[in-house]
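# Understanding the architecture of this molecule
Chain by chain, the residues:
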Amino acid sequence: MFFKAAYKPHESGLAEFVRYFLTLISVFAGYFLGQVPFLVVVIAQLTERDGDLSATALEDFAKNIDFTAIGIDANTGFILILLSFVVGLLALWLALAVIHKRPLRSLITPYQNIRWSRVGFGFGVWFLLIASLEVLSYFISPETYQFQLEWKTWLPLVAIALLIMPMQTSFEELLFRGYLMQGLGLAFNSRLVALVLTSVAFGAMHLANPEIQEFGLWLMMPYYVGMGLFLGILTLMDDSLELALGIHAANNIFGAAFVTFTGSALQTDAVFRVTEVNTTFMIPVFYVLAAGFIYLCARRYGWKDWSKLYGPVRARWKNEEETVADDY
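Since the model is a prediction, treat every value here as computed from it, not as a measurement.

## A closer look at the overall build of the protein chain
Across its full length, the protein chain carries 12 helices and 3 strands. By the compact-globule yardstick of 20 Å for 328 residues, the protein chain fits well, its C-alpha radius of gyration being 21 Å. For the C-alpha atoms alone, the extent of the protein chain along its principal axes is close to 65 × 50 × 35 Å. Residue burial in the protein chain is summarised as follows: out of 328 residues, 48% are buried. Total accessible area on the protein chain stands at roughly 15900 Å², and carbon and sulfur atoms take up 67% of it. In the protein chain, 21 positive and 27 negative side-chain charges are present, and the distance between their average locations comes to 14 Å.

Given below as structure tokens:
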């Protein structure tokens, strides 16, 4: 049903490939337009600090994305980073309505309403899991944690994280696990191809993140691609994006508001800053948590047909019932 929600044959006008091409161009144009305030402010601050603008200064800033080093408070810098995702989300919504003639909801669920209970379940359980892991990590290596809570900066940060950051995570989910997953699934008539390609694309989107330079490409890409696979599996098995939306929001909000680390793309005034990250421990544990969460959802929602991960797309439509789930 998730793929069928995206199937809208047009009697005339643009071919479907052209519609997807124009939509993606619109989305990326909106995303880069949203970066303009960020670039203008950073260039102005670097010029004021150094007297002129040099490529070296820009490169140094890009490595760490430390706004305080150029005279901008961390919360303002955080908003500037998130703006590109907000504008990108708006562009996706407009392009979907104008070019595809379908609602944004069709990227999330085939039903008439979003099942917020699933979003809440994904958010709450994943937040609890990663918080528990962080507590365990603290007891193992307390010397790597720096307590830096300042209420006057942390409370506005929490507001930003709760009000704006979900737009960032929702943009990524709607684009990759929603729009591209549906489009590639219909184009190749293969769930597996859609899952793999969107997961690799999701990983590639993070190539510019400072974590890549801090910890290495071959260490971080298995995490980013693995996260894409994890969220993609949930989306395919549940025939909706709701669980993935909750998990992604929980993951990033926790990283922004509670525990940040040196080399993170989210340089915020979080409660703790970790000076040394044990990535050889973090990544395998992530895979364990992801597998455990999938198992929990399979038991909770009665997932039994695992061919949803690799079977054809259109052949299933004859057997899918357009009904509402029990918690819908």
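The discussion continues.
## So, the environment of Val 86
Along the polypeptide, Val 86 turns up in helix 4 (residues 74–100). Since its relative accessible area comes to 23%, Val 86 is described here as partly exposed. For the pair Val 86 and Tyr 31, spaced 55 residues apart in sequence, the C-alpha separation works out to 7.9 Å. In this view, Val 86 contacts Ile 164 and Met 167; residues no more than four positions away in its chain are not counted.

## Here we look at empty space enclosed by the protein
Under the defined criterion, the tally for this structure stands at 1 cavity of 30 Å³ or more. One number sums up the size of the largest cavity: a volume of about 40 Å³. Around the largest cavity sit Ile 65, Phe 67, Ala 74, Gly 77, Phe 78, Ile 81, Ala 265, Leu 266, Gln 267 and Thr 268, which together line it. Classifying every residue of the lining of the largest cavity gives 7 nonpolar, 3 polar and no charged.

Calculation criteria
Starting afresh in each chain, residues are numbered from 1 along the sequence in its written order. Only residues with pLDDT of at least 70 get local features here, since the model is predicted, and only at 80 or more are side-chain atom pairs given and counted; chain-wide, interface and lining totals rely on the full set of residues. Water and hydrogen atoms play no part in the side-chain values, which are based on all heavy atoms of the structure. Numbering of helices and strands starts at the N terminus; helices are DSSP runs of H or I of at least 4 residues and strands are runs of E of at least 2. We compute the radius of gyration from the C-alpha atoms alone; for a globule the expected value is 2.2 Å times N to the 0.38, where N is the number of residues. With a 1.4 Å probe rolled over the protein chains alone, any residue whose accessible area is under 20% of its type maximum counts as buried; one over 50% counts as exposed, and the rest are partly exposed. Note on areas: these come from Shrake-Rupley sampling with a 1.4 Å probe, and a residue is covered only by the protein chains present in the view. In this tally Asp and Glu are treated as negative and Lys and Arg as positive; neither His nor the chain ends contributes. To locate a charge, take atom NZ for lysine, CZ for arginine, CG for aspartate or CD for glutamate. Every residue pair with non-hydrogen atoms within 4.5 Å of one another is taken to be in contact. Cavities and pockets are defined on a 1 Å grid built over the protein atoms alone: a cavity is a set of grid points where a 1.4 Å probe fits but cannot escape, while a pocket is an open set with protein on both sides within 12 Å along at least five of seven lines, and lining residues are those with an atom within 4 Å of any such point. Grid points are joined across faces, edges and corners, and a volume is the space filled by probe spheres set on the points. Each residue is assigned to one of three groups, with Ala, Val, Leu, Ile, Met, Phe, Trp, Tyr, Cys and Pro labelled nonpolar, Asp, Glu, Lys and Arg labelled charged, and all others, Gly among them, labelled polar.

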